[in-house]
Amino acid sequence: MALKLNCKYLADFVSEDDIKAVEDETRSAYNKLYGDKASAAGNDFHGWLTLPVDYDKDEFARIKKAASKIISDSDVLVVIGIGGSYLGARAAIEFCKSKNYNLTAKGTPQIFFAGNSLSPTELSEIISICKDKDFSVNVISKSGTTTEPAVAFRIFRKMLVEKYGEKEAAKRIYATTDRAKGTLKELSDREGYETFVVPDDVGGRYSVLTAVGLLPIAVAGIDIDRLMLGAADAMKKYENDDVLSNDCCRYAAIRNILYRKGKAFEMMVSYEPDYTMMNEWFKQLFGESEGKDHKGIFPASAIYSTDLHSLGQYVQQGERKLFETVVVFDKPKCDITIEEDAENLDGLNFIAGKTMSYVNSKAFQGTVLAHSDGDVPNIILELETMDEYNLGELIYFLEKSCAVSGYMLGVNPFNQPGVESYKKNMFALLGKPGYEELAGTLAERLSK
Ligand code: PA5
């Protein structure tokens, strides 16, 4: 197995005795996913736990078939979705391929993500990119009613109909939504779009290994069998209630110990820019799962060494409320050797003959020690390389750690009641029927 939790830099912050002291508590949180499931908050959203093996095999085959069709008939795939309905797919594509996937893709369509903001500028740009190209749309919304993707889908559906006519347009729209209900499901059934399911017992931020993530990921030419295999092996590896030897539980326990010691901010860090969107996925997973009841570790992120030249000063010497979880890879996707230069005007000959990945690893080691000296605990997650298999394991590891950590914190890790507040206000301010009273109150507050 690929993933290793390395705690060697934590010794000054979290002792083995600290971990043993929360052993029972950790086991009880872990058991909320199994034995004590019945009493666990959010237990109707535990479907992701067995998803790597217990998924709809027929649908999986349809996903591959749809991906092949999109690859053969489209220059561009527009993926419309927000939050859990887009972050996982984008993160996986950038992790396995590149953050410059759209510039480097060969033989697979460019993939643009729309409907994840309300910015007209961003949407206009994607519209103009697609206009003169053959394109398909994968609209993803579990509820089928989220405003941001609905606005974008209305526009792209019209574009497809204008370009290809009703019948061909319907063949270029793939909808991933609830099995039975919601506006998107009704529309898809009426128009005859091919549909894929977000299972009832899998929440948005836990849905990357369902059709939500798998269809766009497969369109990018990524091997989704290997991705699922990595997750399935992780499922076996982390199904173990000896919580001291189960790294998901250790990570969850360490996070809670650090939180109780005043470390309320976790920065996920990678030295690979292709990890940027995984950081975003992590922030949603942990932020939406834990940030409630006025509790929770605030998830932040950085890409080093880039951000050592922006956030590095703060991390080293600012408020001492941070800890870092650093994801490192044994092997880079490719490497460059720094050559000797006869003049050595830049003074770099001392690293001539060394690879950039070697230099990057020294930046990592130097930084871990410096940040630890600066009272910033460092947890290290070691992976072999940035491929499908390692990603499958990492996704499962983080999902399970998040669930255990959330239960240790004493929250329901599977709801997100707070997300509704902005939506209600926005609907009221936009004049949506049914929100008249709230609209009056908000108007008064805004006019003060
Ligand atoms: O994790 C979640 O449930 C949310 O982030 C949702 O994924 C997000 O709000 C999008 O919802 P939907 O898929 O219903 O459009």
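Residues numbered from 1 in each chain as written. Predicted model: local features only at pLDDT ≥ 70, side-chain atom pairs only at ≥ 80, totals over all residues. Heavy atoms only, no water.

J.: Mind showing me how you'd approach the overall build of the protein here?
T.: A count of helices and strands for the protein gives 17 helices and ten strands. Here the protein has a C-alpha radius of gyration of 23 Å; the compact-globule value for 448 residues is 22 Å, and the two agree. Out of the 448 residues in the protein, the part that is buried amounts to 52%. Partitioning the intrachain contacts of the protein with sequence separation of at least 6 by distance along the chain shows that 78% fall at a separation of at least 24. Here the protein displays about 20100 Å² of accessible surface, and carbon together with sulfur accounts for 52% of that area. If the 53 positive side-chain charges of the protein are averaged to one point and the 67 negative ones to another, these points end up 4 Å apart. (Helix = DSSP H or I, 4+ residues; strand = E, 2+ residues; numbered from the N terminus. Rg over C-alpha atoms; globule rule 2.2 N^0.38 Å. Buried < 20%, exposed > 50% of the residue type's maximum accessible area, 1.4 Å probe, protein only. Contact = heavy atoms within 4.5 Å. Areas by Shrake-Rupley, 256 points an atom, 1.4 Å probe, with all protein chains shown as cover. Lys, Arg positive; Asp, Glu negative; His and termini not counted. Charge placed at Lys NZ, Arg CZ, Asp CG, Glu CD.)

J.: Please explain the pairing of strand 7 (residues 265-270) as it appears in this structure.
T.: Taken residue by residue, a regular strand's side chains alternate between the two faces of the sheet. Counting buried positions along strand 7 gives five out of six residues, so the element sits mostly inside the fold. With helix 12 (residues 276-290) bridging strand 7 and the parallel strand 8 (residues 298-303), this β-α-β connection has right-handed handedness. With six bridges connecting them, strand 7 and strand 9 (residues 322-329) associate as parallel partners. Opposite M267, over in strand 9, you have E324 as the bridge partner. (Right-handed = clockwise from strand over helix to strand, strands pointing away. Pairing = 2+ DSSP bridges.)

J.: So what exactly am I meant to see when it comes to the pattern of salt bridges here?
T.: Here the idea is simple: oppositely charged side chains can pair when their charged atoms come close. Evaluation of the coordinates by the stated rule reveals 26 salt bridges. E290 serves as the salt-bridge partner of R255, at 3.0 Å between the closest nitrogen and oxygen. Of this pair, R255 sits in helix 11 (residues 247-260) while E290 sits in helix 12, placing them 35 residues apart in sequence. There is no split in this pair, since R255 and E290 are both buried. Each of the salt bridges in this network shares a partner with another, and the network as a whole consists of K69, D73, E168 and R172. (Salt bridge = Lys/Arg side-chain N within 4 Å of Asp/Glu carboxyl O.)

J.: In this structure, what is going on with the sheet that holds strand 8? I would like to understand it.
T.: Hydrogen bonds between backbone groups are what pair the strands of a sheet, and the pairing can be parallel or antiparallel. In space, the five strands of this open sheet follow the order 1-10-9-7-8, with mixed pairing throughout. Looking along the sheet, the strands with just one partner apiece sit at the ends: strand 1 (4-6) and strand 8. Sheet twist, expressed as the average angle between the axes of neighbouring strands with direction ignored, equals 20°. Pairing analysis gives six bridges linking strand 7 to strand 8, with the strands arranged parallel. Following the sheet pairing, M268 is matched in strand 8 by S301. (Axes fitted to C-alpha atoms, helices over the stretch in contact; angles between N-to-C directions.)

J.: What is the right way to look at helix 8 (residues 183-191) in this model?
T.: Each α-helix turn comprises 3.6 residues. Residues three or four places apart therefore point the same way. The complete set of buried residues in helix 8 reads L184, K185, L187 and S188. Viewed along the axis of helix 8, the buried residues span an arc of 165°, placing them on a single side of the element. Away from the buried face of helix 8 by more than 90 degrees, exposed residues E186 and R190 are located. Buried residues along helix 8 sit against strand 4 (135-141), helix 7 (147-171), strand 5 (173-177) and strand 6 (194-197). A positive phi of about 80° marks G192, the residue just after helix 8. (Arc of directions from axis to C-beta.)

J.: Sorry if this is basic, but what is going on with a negative patch on the surface here?
T.: The grouping of D44, D54, D200 and D201 at the surface amounts to a negative patch. Inspection of the secondary structure assignment puts D201 in the loop between strand 6 and helix 9 (211-219). (Patch = residues over 30% accessible without salt bridge, like charges linked within 9 Å, V, L, I, M, F, W, Y side chains within 5 Å.)

By themselves, these figures tell us nothing about what the structure is for.
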